[in-house]
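So the chains spell out like this:
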Amino acid sequence: MSQPTPLHTFSHDLRPSSPAGGAVAPVRSRWSRGLSRLTAALLPALLAGCSFKHPQSTLDPHGLVSRDQLSLFYITVWVSLFIFICVGGVMAYAVWKFRERPGDENKPMPVQGHGNPLIEIGLITASIALLVIIAVPTLKAIFLTDDVPTNQPYWKPSLLGSWYQKAGGTLPDLAKGEPLTITVQGKQWWWAFEYTQFGVTTANEFVIPAGKVVLFKLRSDNVIHSFWLPKIAGKVDAIPGRANQMWMMADDGKSSPDYDHGTVAADQYENGLYYGQCAQYCGEAHAYMLFRTRVVSDEDFAKWIAQAQKKVAAPTSDGDWVAFSKAVAAKNPAVLSTPVQRGAALFFGRANCILCHTINGSTAQGTAGPNLSLVATRTGLASEFLDNLDNEGKAIDPKRQADNLYNWISHSYDYKPGNLMWYGFSNGTTKAVGLRDIVATNQANGTPITEQDWHDLVAFLLTLK
């Protein structure tokens, strides 16, 4: 027999009971006991969500914008709490002071009046004052986030010409007077991040320097998405046909131009990773549309850009993709002797991955899916739904990463409903074939994609770093 829930117990306790003597037991005591039990049952569940160290807690800011928004939140909370105490206190006092007592049944009703003008005017004045207290910091927060902060002392030190070359990077002259700019494309259901000044594109994970203003241009080519990185900045929608933008500065509590980069990437919980997601319902796999960012020093950012700009070499001694493709087409066994080579041949051949994905420097230049040039360095897969990190969240677990890659490419329909890689898609004019159709075609042609083929493909993808 199942045990009664706290709600059942509470409901039962509200029922009057008839003891042997026939008198009905007082309901008030049973009501109190039932309410106490219900509160004791629900309070732990409510308090379980009160964690400042949650990966997406807005109460643990690590950016200039997020700190400003948290300050506004607290101002609103304290004003609301003050109003609640005043109004609730007066109401509680009135209920207690003028409650009905034994013997009051025959007393006449008190004289009814229209009110007290002095009290009414005072309450209106107090309400206006409280609204002003909330409105002033709200307007300041709106003005802060509405446009890039060109009038702030941290603006010029954020321009690429002020720091990027000093950090060891190579910068085009045209970009020296600009802040780091990232174009964000909301897809179904993943994120593409393009570093326009450097010709670098990545997916679902991006890297930004600490203590620098970063400009984000938000775009969508399908439906409305909402870009939200709660610990560093607020949220702004990516709307089809509309060019929105936002900026953020991940400074971990510091905003001076001489920011100490040596302390930024050591957040005790995320180990330098910050978690975000789409905050606007956008379709079947909306709940799985996550992303991450890593905040690093200027020098580490320049190294990451250099790494992302490198061309990926073919898995042969000459590293030439054209020669590799010709050798695969000629069925030269010399270029298919290792799992990596067989996986690359599958990627560029029967699996048709090149139709949707890009690998820098190769003949794979598809844009429908994520750029895979650095896929082996990413801390998650499937828009970060599959976590590659170890149990401590500090480093990529190689076995977990390999398992995730295998599960994702071979059984993606089990992990992300409606994902376009498996099911394909149509934009109204063209139809992109999904992996489901490619597997079926190979099966029909007598060249099925086997379990070993999937593992070979994983071996190749793990070299992309």
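Every value quoted in this text rests on a predicted model; they were computed, and no experiment measured them. (Residues numbered from 1 in each chain as written. Predicted model: local features only at pLDDT ≥ 70, side-chain atom pairs only at ≥ 80, totals over all residues. Heavy atoms only, no water.)

A. Broad picture of the sheet that holds strand β3 (residues 200-203). The strand order β3-β2-β1-β5-β8 describes an open sheet built from 5 strands, whose pairing is mixed. Across the chains shown, the open sheet's two edge strands, defined by having one partner strand only, are β3 and β8 (244-248). Strand-to-strand twist across the sheet, computed as the mean angle between neighbouring axes with direction ignored, equals 25°. As paired elements, strand β1 (residues 180-186) and strand β5 (residues 214-220) share 7 bridges and run parallel to each other. Bridging from a neighbouring strand, Ile 182 pairs with Phe 216 of β5. (Pairing = 2+ DSSP bridges. Helix = DSSP H or I, 4+ residues; strand = E, 2+ residues; numbered from the N terminus. Axes fitted to C-alpha atoms, helices over the stretch in contact; angles between N-to-C directions.)

B. Layout of the pairing of strand β9 (residues 273-278). Counting buried residues along β9, 5 of its 6 residues qualify, which places the element largely inside the surrounding structure. In this sheet, β9 lies alongside strand β6 (residues 225-228) in antiparallel orientation, the contact comprising 2 bridges. Across the sheet, the residue bridging to Phe 227 is Cys 278, located in β9. Judged from the 5 bridges that link them, β9 and strand β10 (residues 290-296) form a sheet pairing that is antiparallel. By the bridge assignment for β10, Tyr 275 is matched with Arg 292. (Buried < 20%, exposed > 50% of the residue type's maximum accessible area, 1.4 Å probe, protein only.)

C. Quick look at helix α8 (residues 339-348). α8 sits mainly inside the fold: 7 of its 10 residues count as buried. Turning to α8, its buried residues number three or more, namely Gln 341, Gly 343, Ala 344, Ala 345, Leu 346, Phe 347 and Phe 348. Close packing links the buried residues of α8 with α7 (321-329) and α12 (451-461). (Contact = heavy atoms within 4.5 Å.)

D. Focus on a nonpolar patch on the surface. A surface patch of nonpolar side chains, amounting to about 720 Å² of accessible area, comprises Phe 73, Tyr 74, Val 77, Trp 78, Leu 81, Phe 84 and Ile 85. Locating Trp 78 in the fold gives a position in helix α3 (residues 64-97). Overall, Trp 78 belongs to the exposed group, its relative accessible area being 56%. (Patch = residues over 30% accessible without salt bridge, like charges linked within 9 Å, V, L, I, M, F, W, Y side chains within 5 Å. Areas by Shrake-Rupley, 256 points an atom, 1.4 Å probe, with all protein chains shown as cover. Salt bridge = Lys/Arg side-chain N within 4 Å of Asp/Glu carboxyl O.)

E. Spatial organisation of the pairing of strand β4 (residues 205-209). For β4, the buried fraction is high: 5 of the 5 residues fall into the buried class. Where β4 meets β10, 5 bridges bridge the pair, whose relative direction is parallel. Counted as the bridge partner of Val 207 is Arg 294 from β10.

F. Region of interest: unusual backbone geometry. The omega angle of the peptide bond from Gln 188 to Trp 189 is 0°, so this bond is cis rather than trans. You can see Trp 189 is positioned in the loop between β1 and β2 (191-195). Here Asn 204, not a glycine, exhibits a phi torsion of approximately 65°, which is positive. Here Asn 204 is to be found in the loop between β3 and β4.

G. Highlighting the sheet that holds β6. Taken together, 5 strands build an open sheet; the order of strands is β4-β10-β9-β6-β7 and the sheet is mixed. Each of the sheet's edge strands pairs with one partner strand only, and the pair in question is β4 and β7 (235-238). With strand direction ignored, the average angle separating the axes of adjacent strands in the sheet is 25°. In this fold helix α6 (residues 298-309) packs onto β4 and β10, with an angle of close to 140° to the strand it touches most, β4.

H. Structural view of the nonpolar core. One finds Tyr 195, Phe 206, Phe 216 and Phe 227 to be the most contacted residues of the largest nonpolar core, which totals 55 residues. It is α6 that provides the largest number of residues to this core, a total of 5 residues. By size, the runner-up hydrophobic cluster in this structure holds 34 residues, among which are Trp 321, Ala 327, Ile 409 and Leu 457. (Core = buried A, V, L, I, M, F, W, Y, C linked by side-chain atoms within 4.5 Å.)

I. Region of interest: the packing of aromatic side chains. As enumerated under the stated definition, the model contains 28 aromatic pairs in all. With a centroid separation of 6.5 Å and 75° between ring planes, the pair formed by Phe 198 and Phe 301 is classed as edge-to-face. Placement of Phe 198 in the loop between β2 and β3 and of Phe 301 in helix α6 is noted, with a sequence separation of 103 residues between them. With respect to class, Phe 198 is no different from Phe 301; both count as buried. Ring centres of Trp 321 and Phe 348 lie 4.5 Å apart, and the angle between their planes is 35°; this geometry places the pair in the tilted category. Placement of Trp 321 in helix α7 and of Phe 348 in helix α8 is noted, with a sequence separation of 27 residues between them. Judged by relative accessible area, which is 4%, Trp 321 ranks as buried. Lying across the ring of Trp 96, Arg 99 places its NZ or CZ 3.8 Å from the centre. Here the basic side chain of Lys 235 rests over the ring of Trp 228, its NZ or CZ set 4.6 Å away from the ring centre. (Phe/Tyr/Trp six-rings, centres within 6.5 Å; stacked < 30°, edge-to-face > 60°. Lys NZ or Arg CZ within 6 Å of the ring centre and 35° of its normal.)

J. Spotlight on the packing of α8 against α12. Look at α8 against α12: their axes get within 7 Å of each other, and the N-to-C directions meet at 100°. With respect to α12, the axis of α8 lies roughly perpendicular. Only Asp 453, Asp 456, Leu 457, Ala 459, Phe 460 and Leu 461 of α12 make contact with α8, whose side of the interface consists of Pro 339, Val 340, Arg 342, Gly 343, Ala 344, Leu 346, Phe 347 and Phe 348. When grouped by side-chain class, the residues that make up the contact of α8 with α12 number 10 nonpolar, 1 polar and 3 charged. (Parallel < 35°, antiparallel > 145°, perpendicular 65-115°, else oblique. Nonpolar A, V, L, I, M, F, W, Y, C, P; charged D, E, K, R; others polar.)

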